[in-house]
Amino acid sequence: MLNSGDTASLLAVLVEERSLESHLSAFAMAFKRHQHFKACYCLTLLLEDRRLLKQTQRLVAFYILFELYRGEQSSINPFMSVLIDAASNEAADKMERAFLQILLQSLNSNNKELSMKSASEFISTFDPSVHKFLSAEALKSRYAGNLPPEPRISSFKKASISNIIPDPDIPLGFALDSTEHAVPGGVTQLGAGNRGAAAAELVQSSSLNGLEPPWVRPAPPRLPPQQGEMIWLIPDTQHELMWDYGMCADTSRDAAIRDLINRALKGPLAPAQQKKVLMELEADPKLVYHCGLTSRRLPELVENNSVIAVEVLLKLMNSNQIIDYFKMLVNMDISLHSMEVVNRLTTAVDLPTEFVHMYVSNCISSCENIKDKCLQNRLVRLVCVFLQSLIRNKTINVQDLFIEVQAFCINFSQIREAATLFRLLKTLEC
């Protein structure tokens, strides 16, 4: 559609009184070639309701629609069907029909006499008695032979009513205001203060082709619910409210445990604090998931508070996160505290065999890789005591690690604990 400025220019072309040829020239100067179709389409919208334009303005609009596409074939002219329908409308004004039929008859020859006249001159000199009107069939057979078939109009469009309400206090058509600008009259929403916007609104509203009756139809029935459908998809279901009993609950205990666990990661807790953590975890095992301990920080807790680490791991034993904690325990540096944690876990629950074997292998390799002899001898003694405890408690199957443990004992045979472990292996072998 045209904007408000272009709409005002289009109305100015229709209002000024001059020859029909001058109107066409003014139209060509106001609109570029790529705007011709949109401007002509707006003219057809204004022509649909006879109350919107004066009689002279209607003739100018028809002349522009005809002459602008004169060089085109009838099948290519997008507005030829509009001209033929208006020329064959017996209910229309005879002068207007005669004007259109004269235009159509001059399709193959330029009618200079008509183009030099103004619309007012044509109206004043028109004599209906000397004009021979062609029937609708004759016009369509002569000029609409190559036109595409008319689109099928629904019964709803045929029953539509106009959406333009005339104002009885304003004369029909377009008049000139005091500033000599085109002002559309006869429609309530138009006025001199907002000429361009009102005219554009008029063209936009006219494009709706009237107000159609509503298409009232019953809603389709609901299909019966299937067996596997979700229950909440059925609108008639009576839903029950699910109350969150944990809402507004006292979270001070969780905050206290998180604070104590955070301290336990940094250093040993006092006996009273350690006892409080163990009691709270025993009273509510789910606190372990809210205490703020992640698998990455497990080595810190093992080194500073091994008793709490054992209790935390026991509470996490049935969760999916226990694998991550086991991995951190296996890969951390071997120490007395870590071996104490593993030993207590083996006596409390059945640990995965792969985890125990991997931890034992890590202990042996750590002993072999230490360069400091003093630290090496101390760690060897700890590992030997740890392995003896595992063997006596039947936590591990010695046959699975027999070769590796035997080689470890032979490698450190000068240490008494290694010799004792070697003799224990020999007794089991027998």
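Parameters at a glance
Residues numbered from 1 in each chain as written. Predicted model: local features only at pLDDT ≥ 70, side-chain atom pairs only at ≥ 80, totals over all residues. Heavy atoms only, no water. UniProt positions renumbered as here; feature names shortened; annotations may be inferred. Helix = DSSP H or I, 4+ residues; strand = E, 2+ residues; numbered from the N terminus. Buried < 20%, exposed > 50% of the residue type's maximum accessible area, 1.4 Å probe, protein only. Contact = heavy atoms within 4.5 Å. Areas by Shrake-Rupley, 256 points an atom, 1.4 Å probe, with all protein chains shown as cover. Expected span 1.5 Å × (residues − 1). Polar contact = N/O pair within 3.5 Å; in protein donor to acceptor, adjacent residues only side chain to side chain. Phe/Tyr/Trp six-rings, centres within 6.5 Å; stacked < 30°, edge-to-face > 60°. Salt bridge = Lys/Arg side-chain N within 4 Å of Asp/Glu carboxyl O. Disulfide = S-S within 2.5 Å. Core = buried A, V, L, I, M, F, W, Y, C linked by side-chain atoms within 4.5 Å. Axes fitted to C-alpha atoms, helices over the stretch in contact; angles between N-to-C directions. Parallel < 35°, antiparallel > 145°, perpendicular 65-115°, else oblique. Left-handed = near helix turned anticlockwise from the far one by under 90°. Nonpolar A, V, L, I, M, F, W, Y, C, P; charged D, E, K, R; others polar.

As annotated in an unreviewed UniProt entry, the protein chain carries the name CCR4-NOT transcription complex subunit 11 and comes from Physcomitrium patens. UniProt lists a comment for the protein chain under the heading Sequence similarities (unreviewed entry), and it reads "Belongs to the CNOT11 family."

Novice: What exactly am I supposed to notice about the overall build of the protein chain here?
Specialist: Looking only at helices and strands, the protein chain has 21 helices and two strands in total. Looking at the protein chain residue by residue over its 430 residues, the buried ones come to 41%. Nonlocal contacts in the protein chain, meaning residues at least 24 apart in sequence, comprise 68% of its contacts between residues at least 6 apart. Counting every atom, the protein chain has about 25,500 Å² of accessible surface; 54% of that belongs to carbon and sulfur.

Novice: What is the right way to read helix α6 (residues 94-105) from this model?
Specialist: Residues that lie three or four places apart on an α-helix share one face, since the helix turns once every 3.6 residues. Along its 12 residues, α6 runs 16 Å from first to last C-alpha, staying within 8% of the 16 Å computed at 1.5 Å per residue. Burial in α6 covers these residues: M95, E96, R97, A98, F99, L100, Q101, L103 and L104. As for α6, its buried residues are in contact with α2 (20-30), α4 (55-67), α5 (80-87), α7 (112-115), α8 (119-125) and α9 (136-143). A distance of 3.1 Å separates the backbone nitrogen of M95 from a side-chain oxygen at the start of α6, and that oxygen is part of D93.

Novice: Could you clarify how one ought to interpret helix α15 (residues 306-315) in this entry?
Specialist: Of all the 10 residues making up α15, eight are buried; the element is thus mostly covered by neighbouring parts of the structure. Turning to α15, its buried residues number three or more, namely S306, I308, A309, V310, E311, V312, L313 and K315.

Novice: I'm lost on the packing of aromatic side chains in this one. Help?
Specialist: Two measures describe an aromatic ring pair: the distance that separates the ring centres and the angle between the ring planes. This model, assessed by the stated rule, comprises eight aromatic pairs. Ring geometry for F99 versus F122: centroids 5.1 Å apart, planes at 75°, classification edge-to-face. Here F99 is found in helix α6, whereas its partner F122 is found in helix α8, with 23 residues between them in sequence. Residues F326 and F355 carry aromatic rings whose centres are separated by 4.5 Å and whose planes lie at 20° to one another, so their mutual orientation is stacked. Residue F326 is located in helix α16 (residues 322-331), and its partner F355 is located in helix α18 (residues 353-369); the two are separated by 29 residues in the primary sequence. Under the relative-accessibility criterion, F326 is labelled buried at 6%. Here the aromatic residues F326, F355, Y359 and F386 are joined through ring pairs into a cluster of three or more.

Novice: So what exactly am I meant to see when it comes to the pattern of salt bridges here?
Specialist: With the rule as written, the count across this model stands at nine salt bridges. A salt bridge links R344 to E340; the nearest nitrogen and oxygen atoms lie 3.2 Å apart. On the criterion of helical spacing, the pair formed by R344 and E340 is a turn pair, its members being four residues apart in helix α17 (residues 336-348). Here E340 falls in the partly exposed class, since its relative accessible area comes to 27%. Among the charged side chains, a network of salt bridges with common partners joins E282, E311 and K315.

Novice: I would appreciate a short explanation of the state of the cysteines in the present structure.
Specialist: Chemically, a disulfide is nothing more than a covalent bond linking the sulfur atoms of two cysteines. Evaluated as defined, the whole model comprises zero disulfides. This cysteine, C40, is not joined by any disulfide, and C42 carries the nearest cysteine sulfur, 9.2 Å off. On the basis of relative accessible area, C40 is assigned to the buried category, the value being 0%.

Novice: Explanation requested: the nonpolar core in the structure shown.
Specialist: Generally speaking, nonpolar side chains in soluble globular proteins are found buried as a group. The biggest cluster of nonpolar side chains holds 62 residues, and the ones touching the most others in it are L329 and F408. No other element matches the eight residues that helix α19 (residues 373-392) contributes to this core. The next biggest cluster of nonpolar side chains, apart from the first, holds 45 residues, and it includes L24, L43, A87 and L114.

Novice: Explanation requested: the packing of α5 against α9 in the structure shown.
Specialist: For any two helices packed against each other, one specifies the inter-axial angle together with the distance between the axes. Contact geometry of α5 with α9 gives a least axis separation of 9 Å together with a crossing angle of 160°. When the axis of α5 is compared with that of α9, the two are roughly antiparallel. For the pair α5 and α9, the sense of crossing is right-handed. In this structure, α5 uses M80, I84, D85 and A87 to contact α9, whose residues at the interface are L139, K140 and Y143. Across the contact of α5 with α9, the residue classes tally to five nonpolar, no polar and two charged.

Novice: Would you mind going over the side chain of S115 with me for this structure?
Specialist: Relative to the assigned elements, S115 resides in helix α7. Judged by its relative accessible area of 6%, S115 is buried. With sequence-adjacent residues up to four places away left out, S115 is seen in contact with S19, L20, E21 and Y63.

Novice: Would you explain the packing of helix α1 (residues 4-15) against helix α3 (residues 36-48) in this entry?
Specialist: Between α1 and α3, the shortest axis-to-axis distance is 11 Å and the interhelical angle comes to 65°. The crossing of α1 and α3 is right-handed. Here L10, L11 and L14 of α1 come into contact with α3, specifically with A39, C42, L43 and L46. Class assignment of the residues belonging to the contact of α1 with α3 gives a composition of seven nonpolar, no polar and no charged.

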